[in-house]
Amino acid sequence: MHDDDTVNRPIAVQTSSEISESKSDITIMSPRLSVVIPTYNEKGNIEALVSAVRQALIGIEWEIIVVDDDSPDETYELAFQLSHQEPRLHCIRRVGRRGLSSAVVEGALAANGDFIAVMDADFQHDEKILKTMYKKMIATGADLVVGTRYAHGGGIPDWDQKRRQMSDFATKVSRLLIGDQTSDPMSGFFMLRRDVIEQSVHDLSQQGYKILLDIISSAATPLHIEEVSYIFRNRREGESKVSLQVMAEFLFQIIEKVSHGLIPGRFVLFSAVGGLGLCVHLSILFLMKSYNIAFLPAQIAAISCAMLFNFFVNNELTYRDRRLKGWAFIPGLLVFCIICSIGALANIGVAELAIHRTSSWSLAGLAGALIGAAFNFGAASKLIWERVKKPKRRLKKKIS
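Residues numbered from 1 in each chain as written. Predicted model: local features only at pLDDT ≥ 70, side-chain atom pairs only at ≥ 80, totals over all residues. Heavy atoms only, no water.

## Let's talk about the confidence of the model for the protein chain
How we decide: Along the chain, pLDDT gives the predictor's confidence residue by residue, from 0 to 100. The contact criterion used throughout is that any non-hydrogen atoms of two residues lie within 4.5 Å.
Of all residues in the protein chain, 84% have pLDDT values of 70 or greater, and the mean over the chain is 83. A low-confidence stretch, residues 1–27 (pLDDT under 50), is modelled with two contacts involving residues beyond four sequence positions or located in other chains. Low confidence marks residues 389–400, where pLDDT is under 50. Its contacts with residues over four positions away, or in another chain, come to eight contacts.

See the structure below:
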């Protein structure tokens, strides 16, 4: 036996059909379209939605990127399980951060497609028009295609009057930023070229739920926008995300965009609540005066009521996404009162300094109020309503 017998052994050769078949087993075509779906407690919808999108995009190379904000119902776990049967499905689980806009941006930056569609997971957006939006984008060379409820052929058949009024108000306010570039600036259903979001990503506020408005208003040059009409549907499973927090975050976004990021939206709302608190203070003061109560006890009562009002409203509105509940409310209120007391001293000190420099009561009062408000906002945000980490969840036992 020669030493090189092992070299001369016959080698198994695959036929061209076998090679092609083996490649098809491991090769996934690069997607042209990436569908980004932000989720929070959408476990009841996600499996049906993946199936519906698969059916709607026959003939197009696609992928789905679910971006889940660590849902308590473990939507991310179901998405991960589904990805074993559908390799075009990917899931990003975000821990310690929340928000639809930032979820969309994170999903878009992780996408592989040249075009990115954004839609909700609750079936309110009609997945059947995804292909129409895609074809329109290719045919027109558009930067952005908006799924609109307000053009001919679109509609919102089941909304009550209150929700319609909220939507109309938000639409009118958004036109302060972008004019008439689209009939539905509040839409959460749209498709855009990947480079559009890459070029504007550093200018996006990523606040609130209205990412489309953020993208259009952040573009360096006007975008070529097309529209496709659709009928807005009712949520299939789960609870609506529309709330006071959504409206507050929308106002934050508008304020920050109008001021070009110089004024934090939450600070404006905090200051507005302070203005209402002043009205409460004066109302209580004059009410007690009418009952012939001495000034000092009346002033103490008025200050106490105003502080309680400010804390409650800020907790429910300004910091709704971080609001204190249960026993945490009491120490939070006490710290708030201490902060406001220090803020009042800062107000007086700055006003006293300003009156000597300018001799203007108006300027001195304004300077003191701004410093006091800024101190109260910064200290309260840090010491009371700073986002705290969630407690660790208990690990599930592995099934052997």
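Here the narrative resumes.
## Some points on the sheet that holds strand 5 (residues 144–148)
Worth spelling out the cut-off: Any two strands with at least two DSSP bridges between them are considered paired. The helix count covers DSSP runs of H or I at least four residues long, the strand count covers runs of E at least two residues long, and both are numbered beginning at the N terminus. Lines fitted to C-alpha atoms define the axes here, with helix axes fitted over just the stretch in contact, and angles between the N-to-C directions of these axes take values from 0 to 180 degrees.
Strand order in the open sheet made by the seven strands is 3-2-1-4-6-5-7, with mixed pairing throughout. Strand pairing shows two members of the sheet lacking a second neighbour, strand 3 (89–93) and strand 7 (225–229), which therefore form its edges. Averaged over all pairs of adjacent strands, the angle between their axes in this sheet comes to 20°, without regard to strand direction. Direction of pairing for strand 5 relative to strand 7: parallel, over a ladder of five bridges. Residue G147 lies in a different strand from strand 7, and its bridge partner there is V228. With respect to the sheet, helix 4 (residues 100–110) is in contact with strand 1 (33–39), strand 2 (62–68), strand 3 and strand 4 (115–118), its orientation differing from that of strand 1 by roughly 150°.

## Considering the pairing of strand 1
Two faces belong to every sheet, and in a regular strand the side chains alternate between them. The criterion, for reference: Accessibility here uses a 1.4 Å probe with only protein chains present; expressed as a share of the type maximum, an area under 20% marks a residue as buried, one over 50% as exposed, and anything in between as partly exposed. The handedness of a crossover follows from its direction of travel: if, with the strands pointing away from the viewer, the path from the first strand over the helix to the second runs clockwise, the crossover is right-handed.
Buried residues dominate strand 1, accounting for seven of its seven residues. With seven bridges connecting them, strand 1 and strand 2 associate as parallel partners. For T39, the partnering residue across the bridge sits in strand 2 and is D68. Each parallel crossover has a hand, and the one from strand 1 via helix 2 (residues 43–56) to strand 2 is right-handed.

## Focus: the pattern of salt bridges
Using the following cut-off: Salt bridge, as used here: a side-chain nitrogen of Lys or Arg that lies within 4 Å of a carboxyl oxygen of Asp or Glu.
Across all of its chains, the model carries 14 salt bridges by this definition. Between R233 and E127 there is a salt bridge, with its nearest N and O atoms 2.8 Å apart. A residue pair is termed long-range when its members are at least 10 positions apart, and R233 in the loop between strand 7 and helix 9 (244–258) and E127 in the loop between strand 4 and helix 5 (130–140) qualify at 106 residues. Note on R233: relative accessible area 25%, which makes it partly exposed. Accessibility expressed as a relative area gives 6% for E127, which makes it buried.

## Regarding the side chain of S34
Test applied: We define a polar contact as two N or O atoms separated by no more than 3.5 Å, with the added condition that, inside protein, one atom must be a possible hydrogen donor and the other a possible acceptor, whereas residues neighbouring each other in sequence contribute only through side-chain atom pairs.
With respect to the element layout, S34 can be found in strand 1. Engagement of the side chain of S34 in a polar contact is seen with the backbone nitrogen of N112, the distance being 3.5 Å. In terms of polar contacts, S34 uses its side chain to reach the backbone amide nitrogen of G113, at 2.8 Å. Each residue touching S34, except ones within four places of it in the same chain, is listed here: E63, A111, N112, G113, F115, I116 and A117.

## Points about helix 5
Spelled out, the test is: Starting at the helix axis, one direction is taken to each C-beta atom, and the arc is that of these directions.
Within helix 5, the full set of buried residues consists of L130, M133, Y134 and M137. All buried residues of helix 5 lie within an arc of 100° about the axis, which places them on one face of the element. Those residues of helix 5 that are exposed and angled more than 90 degrees off the buried face are K135 and A139. Buried positions along helix 5 lie against strand 1, helix 2, strand 4, strand 5, strand 6 (190–193) and strand 7. Trailing helix 5 by a residue or two, G141 shows a phi angle of about 70°, which is positive.

## Topic: the packing of aromatic side chains
Short version of the rule: Centres within 6.5 Å make a pair out of two Phe, Tyr or Trp rings, where for Trp the six-membered ring is used; the pair is then stacked when the planes are under 30 degrees apart, edge-to-face when over 60, and tilted otherwise. Geometrically, a lysine NZ or arginine CZ counts as sitting over a ring once it is within 6 Å of the ring centre and also within 35 degrees of the ring normal.
Summed over all chains, the structure comprises eleven aromatic pairs. Consider the rings of F115 and Y134, whose centres lie 5.7 Å apart with planes at 90°: the pair is edge-to-face. In this pair, F115 sits in strand 4 while Y134 sits in helix 5, placing the two residues 19 residues apart along the sequence. Here Y134 falls in the buried class, since its relative accessible area comes to 12%. Geometrically, the ring pair formed by Y319 and W385 is stacked, given 4.3 Å between the ring centres and 5° between the ring planes. With Y319 in the loop between helix 11 (295–318) and helix 12 (329–358) and W385 in the segment after helix 13 (361–383), this pair connects stretches of sequence that are 66 residues apart. With a relative accessible area of 0%, Y319 lands in the buried category. Put simply, the rings of F267, F270, F311, Y319, F329, F336, F377 and W385 touch in pairs and so form one group of aromatic residues. In this arrangement the basic side chain of R93 is found over the ring face of Y76, its NZ or CZ atom lying 3.9 Å from the centre. Sitting above the plane of the F232 ring, R149 keeps its charged end 5.4 Å from the centroid.

## Observations concerning unusual backbone geometry
Backbone geometry at D70 places phi at a positive 55°, although glycine is not the residue there. The topology assignment puts D70 in the loop between strand 2 and helix 3 (75–85). What makes D70 buried here is its relative accessible area of 7%. Of note, the phi angle at E74 is positive, near 60°, even though the residue is not glycine. Take E74: it is sitting in the loop between strand 2 and helix 3.

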